[in-house]
Amino acid sequence: LGSMYWMMGRLAEADTLQVRALELQRQLHGPKSDVYALALMSYAAFLSRRGAYSASLRAYEETIALLEAGTSSLSTGSLPGAMQSYASMLWQAGQQAKAIKVYDRLLARVEKDTTTPATGKAGTIFGVASMYHYGGRPDLARPLFDKGIAVYEAEAARMAKANPKD
């Protein structure tokens, strides 16, 4: 609802509703719950849209800490998006060294994750590579583009072996 008020230009009401929704999730599910972490991630994105970048970065940092501590599929499934959003904001804020560390952690998680499909892994890899490419770091982008292509090629070979008549 807060986002709807935001789109209608009713900014004060949007902010009030977003804060209230976040607080309700914290009260209902607890300050360390996955549900609260997802509400906090939504709030971080809201803060970013309204230009409150420092507050948004802090909210993403808290979100990531909560999701990394969680063990449910909700935590593990949401963590890459939170990390990518956070790192992207850091990059755009001129904090490239810090962003690279977050991206490195993200890529390490994706690489060892056995549950994410190849398309998800490659998509994350290509997303990071694109940020590096358009951020003026082709030295970091090129190896990742190659790695993303290798993920797709390995999946294609696996599928061809499993279904040789397709």
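Treat the numbers as computed from the prediction; the structure is a model and nothing was measured.

1. With respect to the nonpolar core
Then, number 1: Ranked by size, the top nonpolar core spans 41 residues in total, and within it Tyr86, Trp91, Tyr103, Val128, Tyr132 and Leu144 carry the most contacts.
Then, number 2: For this core, the secondary structure elements donating two or more residues are α2 (11-29), α3 (34-49), α4 (53-69), α5 (73-92), α6 (96-112), α7 (118-134) and α8 (138-162).
Then, number 3: A per-element tally of this core places α3 first, with nine residues.
Then, number 4: Dropping the residues within four chain positions of it, Tyr132 is found in contact with Trp91, Ile100, Tyr103, Asp104, Arg137, Pro138, Leu140, Ala141 and Leu144.

2. Considering the pattern of salt bridges
Then, number 1: Following the criterion strictly, the structure yields eight salt bridges and no others.
Then, number 2: As a salt-bridge pair, Glu68 and Arg105 come within 2.6 Å of each other at their nearest N and O atoms. Here Arg105 lies in helix α6 and Glu68 lies in helix α4, a separation of 37 residues in the sequence.
Then, number 3: We classify Arg105 as partly exposed; its relative accessible area is 38%.
Then, number 4: Put simply, Asp139 and Arg137 hold a salt bridge, and the shortest N to O gap is 2.6 Å.

3. Overview of the packing of aromatic side chains
Then, number 1: Enumeration over the complete set of coordinates arrives at five aromatic pairs.
Then, number 2: Taken together, the aromatic side chains of Trp91, Tyr103 and Tyr132 make up a single cluster linked through ring pairs.

4. A closer look at the packing of α2 against α3
Pairs of packed helices are described in terms of their axes, by the angle between the two and the distance that separates them.
Then, number 1: Interhelical geometry of α2 versus α3 gives an angle of 165° and a closest axis separation of 8 Å. By the angle between their directions, the pair α2 and α3 is classed as roughly antiparallel. Helix-helix and strand crossings are classified by hand; for α2 and α3 the assignment is left-handed. Between α2 and α3, the residues in contact are Ala14, Asp15, Gln18, Val19, Leu22, Gln25, Arg26 and His29 and Val35, Tyr36, Ala39, Leu40, Ser42, Tyr43 and Phe46, respectively.
Then, number 2: A per-class count over the contact of α2 with α3 returns nine nonpolar, four polar and two charged.

5. Some points on the packing of α3 against α4
Then, number 1: Axis separation between α3 and α4 bottoms out at 8 Å; the angle between their running directions is 160°. Classed by the angle they form, the pair α3 and α4 counts as roughly antiparallel. Between α3 and α4 the crossing geometry is left-handed. Where α3 abuts α4, its residues Tyr36, Ala37, Leu40, Met41, Ala44, Ala45, Leu47 and Ser48 lie against Tyr53, Ala55, Ser56, Ala59, Tyr60, Glu62, Thr63, Leu66 and Leu67.

6. What about α7?
Then, number 1: Here α7 contains 17 residues, and its C-alpha end-to-end distance of 24 Å stays within 8% of the 24 Å for a straight helix at 1.5 Å per residue.
Then, number 2: Residues Ala118, Lys121, Ala122, Thr124, Ile125, Val128, Ala129, Met131 and Tyr132 constitute the buried set of α7.
Then, number 3: Among the residues trailing α7, Gly136 stands out with phi positive, at a value near 85°.

Rules used in this analysis
Residues numbered from 1 in each chain as written. Predicted model: local features only at pLDDT ≥ 70, side-chain atom pairs only at ≥ 80, totals over all residues. Heavy atoms only, no water. Core = buried A, V, L, I, M, F, W, Y, C linked by side-chain atoms within 4.5 Å. Buried < 20%, exposed > 50% of the residue type's maximum accessible area, 1.4 Å probe, protein only. Helix = DSSP H or I, 4+ residues; strand = E, 2+ residues; numbered from the N terminus. Contact = heavy atoms within 4.5 Å. Salt bridge = Lys/Arg side-chain N within 4 Å of Asp/Glu carboxyl O. Phe/Tyr/Trp six-rings, centres within 6.5 Å; stacked < 30°, edge-to-face > 60°. Axes fitted to C-alpha atoms, helices over the stretch in contact; angles between N-to-C directions. Parallel < 35°, antiparallel > 145°, perpendicular 65-115°, else oblique. Left-handed = near helix turned anticlockwise from the far one by under 90°. Nonpolar A, V, L, I, M, F, W, Y, C, P; charged D, E, K, R; others polar. Expected span 1.5 Å × (residues − 1).

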